[in-house]
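An overview of the molecular structure
Listed below are the residues making up each chain.
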Amino acid sequence: MKKISFTALVSMVLSCVICSIAVNWVALPNGFVVTGITGLAMTAQAFTGINYALIYYGLMLLILVLTFVMLGYREVSNILFLSFLYPLVLWVLNHWTVEIILKEKLIAVMFFGVIYGVGAGITYRLGYSYGGTDTLAKILKTKVLKAVELKHILLALDGIIMAVMLLRFSLDVVAYALVGQIIYVNSMNYVIFNMGPKLYEIQIVCENSKAIESFVIHEIHKSATLSQVTGSYSGQTKTQVDCVCNSREYVQLREFIRDQGVDCFIKVFPLTHVFGQNKDFHRLSDENL
């Protein structure tokens, strides 16, 4: 497992607690379930009587094994810590009797979505994952459905899980779960892409920069500056790619480099103002700056 800083550790524990509160103290007391792997575990509990947190543990162990076999240790390292921590926190808070019950179920669903989205967003912003359906989607994308976009695979998996949930839960319960999922995703995206600095300068030093250059220009539609640098330790000449992008594009670029397994050195600088012609940049004529 890759080394985790103390700050990241505290943030991930906080993330697990917030998500567990959303599930155990909001969703369950108000009579609705959630989607994803947690929803699958809740469905299995309805059939077997086994606590859903324990079933979740089993499902996560299975996903860990599949990820290691199909994608390798690099991908496992991003989900390993949370695969053990989150089910444990779910189990503990499931036995701590606290119920936040709201009169209107729709308001409760919205409340759940916001809380769960904030909790999940804290972790994803750090570059870690809970290893749920997003990991399963990556496995299918890599090994089976190579021509299908990842978001479509993820949508199909969520649809299959909700269909399975209908075997035990009523349509209205699953519909509330879908509404909660939509709100959760939007809340999570807000935390990932809108909290913190809006613009970043990215410096990437690598031997072969062609794939990164192509992604910057054609996928996130930003310009890149190239320069040749020499490492004082190795004495080798490498290419440095410099670009400025917004927070959403930074996350996309980081995930692309990680998924491609590019061996590189990356420096990230938060920026206050950037002037230029791109829609994300300021103009020199802006009088309020």
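Refer to the preceding data block for the structure.
For the structure given in this document, a descriptive report is provided here. (Residues numbered from 1 in each chain as written. Predicted model: local features only at pLDDT ≥ 70, side-chain atom pairs only at ≥ 80, totals over all residues. Heavy atoms only, no water.)

1. Description of the overall build of the chain
Along its length, the chain carries 11 helices and 4 strands. Its C-alpha atoms give the chain principal-axis dimensions of roughly 60 × 50 × 40 Å. In the chain, buried positions account for 43% of the 289 residues. For the chain, the share of sequence-separated contacts (at least 6 apart) that also reach a separation of at least 24 residues comes to 73%. Averaging the locations of the 22 positively and 19 negatively charged side chains of the chain gives two centres separated by 4 Å. (Helix = DSSP H or I, 4+ residues; strand = E, 2+ residues; numbered from the N terminus. Buried < 20%, exposed > 50% of the residue type's maximum accessible area, 1.4 Å probe, protein only. Contact = heavy atoms within 4.5 Å. Lys, Arg positive; Asp, Glu negative; His and termini not counted. Charge placed at Lys NZ, Arg CZ, Asp CG, Glu CD.)

2. Let's talk about the pattern of salt bridges
Summed over the entire model, instances satisfying the criterion amount to 1 salt bridge. With a closest N to O distance of 2.8 Å, K222 and E249 form a salt bridge. With K222 in the loop between helix 10 (210-218) and strand 2 (225-230) and E249 in helix 11 (residues 247-260), this pair connects stretches of sequence that are 27 residues apart. Both residues of the pair, K222 and E249, belong to the buried class. (Salt bridge = Lys/Arg side-chain N within 4 Å of Asp/Glu carboxyl O.)

3. Focus on helix 2 (residues 36-48)
In this model helix 2 runs 19 Å from its N-terminal to its C-terminal C-alpha over 13 residues, within 8% of the 18 Å that 1.5 Å per residue would give. Where helix 2 is concerned, the buried positions are G36, I37, T38, G39, A41, M42 and T43. (Expected span 1.5 Å × (residues − 1).)

4. A closer look at the nonpolar core
A general trend in soluble globular proteins is that nonpolar side chains are found buried together. Counting residues in hydrophobic clusters, the biggest one holds 64 residues, and the most contacted among them are Y86, F112 and L253. Looking at which element gives the most residues to this core, the answer is helix 1 (residues 6-27), with 10 residues. Among residues more than four places away in sequence, those in contact with Y86 are C16, C19, S20, V23, T38, Y56, Y116 and Y130. (Core = buried A, V, L, I, M, F, W, Y, C linked by side-chain atoms within 4.5 Å.)

5. Here's the deal with the environment of L66
Along the chain, L66 falls in helix 3 (residues 52-71). Judged by its relative accessible area of 33%, L66 falls in the partly exposed class. With 192 residues separating them along the chain, L66 and R258 place their C-alpha atoms 19 Å apart. Among all residues touching L66, those that are not within four sequence positions of it are L71 and I139.

6. Some points on the pairing of strand 1 (residues 199-206)
By the criterion of burial, strand 1 is predominantly enclosed, with 7 of the 8 residues buried. Pairing of strand 1 with strand 3 (residues 237-246) involves 8 bridges; the strand directions are antiparallel. In the strand pairing of strand 3, E201 is matched with V244. Pairing analysis gives 8 bridges linking strand 1 to strand 4 (residues 264-271), with the strands arranged antiparallel. Residue pairing in the sheet places Q203 in a bridge with K267 of strand 4. (Pairing = 2+ DSSP bridges.)

7. Some details on the packing of aromatic side chains
All chains considered together, the criterion is met by 8 aromatic pairs. Taking the centre distance of 6.5 Å and the plane angle of 55 degrees together, the rings of Y57 and F84 count as tilted. Separated by 27 residues along the polypeptide, Y57 in helix 3 and F84 in helix 5 (residues 80-94) bring together distant segments of the chain. Exposure remark for Y57: the relative accessible area of 22% places this residue in the partly exposed category. A relative accessible area of 39% places F84 in the partly exposed class. Considering the side-chain rings of F215 and F256, the 4.3 Å spacing of their centres and the 15 degrees angle between planes classify their relative orientation as stacked. Of the two residues, F215 is situated in helix 10 and F256 in helix 11; the sequence distance between them amounts to 41 residues. Each member of the pair, F215 as well as F256, carries the same accessibility label: buried. (Phe/Tyr/Trp six-rings, centres within 6.5 Å; stacked < 30°, edge-to-face > 60°.)

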